[in-house]
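If you want the building blocks of each chain, they are given just below.
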Amino acid sequence: MKQKMTNKDMNVRSLPIEQNQLRAVKNDDGTTTVSGTAIVFNQPSQPIPFIEYISRDALNDVDFSKTLLLYAHDYNKILARADSGTLTTKIDDLGLHFTAKLPDTTLANDVRKDIQAGNLKGCSFGFTIADGGDRYDTDSKGQTIHYVDKIDSVSELTITPIPAYTETSVQVQRDLNSYLKSKEDKNMSEKKTQEQQNEEELDEKIKKAVREAVQCLSKQKRDDEDADDVADDGVDVDEEDDASSSVAASSTASSSTSSAVQSSASSTASSSVQSSASSQSRENQKSKEEKREMINITPENSKQSDKQELRDFAHFLVTREMRPSLQREAAAQGVGLTQGSVLIPESILAPLHEEHQFNRLENFTHNVNVTTTTGKQPYFQENTGVLQTKEEFDHAKDVSLSNLKFINWVLKTYAGKLALSREVLMDSEKGSPENWVAEAQAQMNDLKDNTNDSLIATQLLNGATTKNATDAVSDMKTILNVNLQPKDSEASQIILTASAYNALDQLKDGFGRPLLQPDPTQASSNLLFGKPVIKVADTLLGKAGDAIAVIAPLNKVIYNFTMGQVSGQFIDNFDIFDTTLGVFIRKDVVNARPDLVNVLKLTDKSLAASSGVGAH
């Protein structure tokens, strides 16, 4: 039996705008037909951080009978579905294409108008990979490549205003980490092997140098002995040549030569010749004794010192660590080497990107694209009036429209820029500067998303009263059952800080089951009381350690007005030679219904008091 899919299995990918061919037309019956391309085969993705290719045969045998077409990955906003016949898919050599018939609803009509206006351009798809259905490799530029050869299921196709590679399954991330670890281990092994080979080559060079030095000394010794023989026979020897030959003689050779000279001189009849030979012999002996001390240093002591310095230099080239012997030698030669000095070219590899850890709140809010700096969004509150009885021929009683409200927006401008030096880009590995720019652009997009999260969180708490829970579970149920009307309760999400999520995740219900339950059909990772749970950082709603729960129908409460955004790469500054990336957005976030926002601060006491659950 096939196991149930969880969010940990889900991968979400988005198609570049120029490839999705998104189209929408209005039909005569008021419905909307939307078509586009959700997946392309054998085309490189943007770095996520790996480059991904989906094989032509990856979708063979995939069952699309349960596939949904969503708006902004929201399972509460289903546009069409295959099992109702409103969504059809077709696979050809280029990729996966879809056609959907949307009903005559406000959401469907808004989607059609936004597509036609160019506000909606993105297509995403959610899928799982079959066991053994993917593999990793590294191209010539050092970029990690992920090949998806077999897809197990495609649960959703999504039309989204902000296409982005946002989610990678736990298994894919594990496989990627394992591949990178094995590649790192292989590189380390090759590096160690190369270092060992370099060490052996260095040893061999040192040994060769020592052998040549010994051979040179031996030759000098023989030449010196020949010169001594000539001196013993009473032949005048040039003082400079005698001193040169004496440098290579050993102490034994010097003693023997001295004795031979003295013996020869005593047997000569002429006292002047004897005196001259004896004097010459003493000079030779003195010179040889002085040179002998110098010679003995070279083969015995300096050999080890030179070898150590060569080893330390080799170590420096690999690690850039300055060992004492190399520092002394550098100082003696007047070379200013320091720790970390670069003597060999340095390469900067393509960057890796750590993904944002939590759900983006913008995926759950009411997002509106506007064309003016200020404006009003009118809406009618629920009409709770009733009709009155009417007698025959009597006038009908007057009724009134429900209370008309306006949501005002005033756009503000948010911007930022990032400068990249040309030195960094030129030092990057060949072919990867573009990846660096793309990575920087992705980080600028992260800054934009972080700004959205911060504005939404601030407005969410604006006008809302925070209540200290007395019984965490009971208080949350009361909010859903009493404080919120049925439709608002049904459309609500539960936002939990990481600390609140952890506290509730430690609880079990009366049947011993974890209180938080996973649900693969939701954009968030878990359900609580049947409602989607959105986990956010503690600091987004308070401070570190705050266990806060916010319950509200975000799509009805938070209006996210956006006039547009500009992001891109600007012209080089030829004064300092950098390239500047920037992002520019105009937006306003408004809390239209603070009365529907319920904020609870969970305490240990309130968790312990929860009825029907116990600490785990």
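Residues numbered from 1 in each chain as written. Predicted model: local features only at pLDDT ≥ 70, side-chain atom pairs only at ≥ 80, totals over all residues. Heavy atoms only, no water.

Colleague: I'd like to hear about the packing of aromatic side chains, residue by residue, with values.
Modeller: One pass over the full model with this rule turns up four aromatic pairs. Ring centres of Y53 and Y147 lie 5.8 Å apart, and the angle between their planes is 25°; on these two criteria the pair is classed as stacked. In this pair, Y53 sits in strand β4 (residues 51–54) while Y147 sits in strand β11 (residues 144–148), placing the two residues 94 residues apart along the sequence. Take Y53: its relative accessible area is 24%, and that puts it in the partly exposed class. Counting every residue linked through ring pairs, the aromatic cluster contains W409, Y559 and F561. Over the aromatic face of Y147 sits the side chain of R135, whose NZ or CZ is 4.4 Å from the ring centroid. Directly above the aromatic system of F406 lies the positively charged group of K376, at a separation of 5.5 Å from the ring centroid. (Phe/Tyr/Trp six-rings, centres within 6.5 Å; stacked < 30°, edge-to-face > 60°. Helix = DSSP H or I, 4+ residues; strand = E, 2+ residues; numbered from the N terminus. Buried < 20%, exposed > 50% of the residue type's maximum accessible area, 1.4 Å probe, protein only. Lys NZ or Arg CZ within 6 Å of the ring centre and 35° of its normal.)

Colleague: Break down the pairing of strand β1 (residues 11–15) for me, with residues and values.
Modeller: Walk down a regular strand and you will see the side chains alternate between the two sheet faces. Counting buried residues in β1 gives five out of five residues, a clear majority hidden from the surface. Of the two faces of β1, the one lined by N11, R13 and L15 and the one lined by V12 and S14 are each fully buried.

Colleague: So what's going on with the confidence of the model for the protein? Which residues, and what values?
Modeller: Mean pLDDT over the protein works out to 74, with 62% of the residues at or above the 70 mark. In the predicted structure, residues 1–6 sits below a pLDDT of 50 and forms nine contacts with residues beyond four places in sequence or in another chain. Ignoring residues within four places in sequence, the model shows residues 290–300, a span with pLDDT below 50, making 13 contacts including any to other chains. (pLDDT = per-residue confidence, 0-100. Contact = heavy atoms within 4.5 Å.)

Colleague: Mind laying out the pairing of β11, listing which residues take part and the relevant values?
Modeller: The element β11 is extensively covered by neighbouring structure, given that four of its five residues are classed as buried. Where β4 meets β11, four bridges bridge the pair, whose relative direction is parallel. If you follow Y53 over to β11, its bridge partner there is Y147. Across five bridges, strand β10 (residues 134–138) lies against β11 in antiparallel orientation. (Pairing = 2+ DSSP bridges.)

Colleague: Please set out the nonpolar core residue by residue, giving values where relevant.
Modeller: A general trend in soluble globular proteins is that nonpolar side chains are found buried together. In this structure, M476, I495, L496, L504 and L602 are the most contacted members of the largest nonpolar core, which totals 45 residues. Each residue touching M476, except ones within four places of it in the same chain, is listed here: I494, L496, L504, L528, F529, A549, I551 and L600. One finds A24, L59, L120 and V154 within the second-largest nonpolar core, a separate group that totals 34 residues. (Core = buried A, V, L, I, M, F, W, Y, C linked by side-chain atoms within 4.5 Å.)

Colleague: Any details on the pattern of salt bridges? Residues and values, ideally.
Modeller: Scanning the model with the defined rule gives 13 salt bridges in all. The salt bridge partner of D449 is R360, with a shortest N-O separation of 4.0 Å. On the criterion of sequence distance, the pair formed by D449 in helix α9 (residues 433–461) and R360 in the loop between α7 (324–332) and β13 (366–369) is long-range, its members being 89 residues apart. In this structure D449 comes out as buried when scored by relative accessible area, which is 12%. Residue classification places R360 among the buried positions, given a relative accessible area of 13%. A salt bridge links D595 to R593; the nearest nitrogen and oxygen atoms lie 2.8 Å apart. One salt-bridge network, in which partners are shared between bridges, spans R360, K448, D449 and D453. (Salt bridge = Lys/Arg side-chain N within 4 Å of Asp/Glu carboxyl O.)

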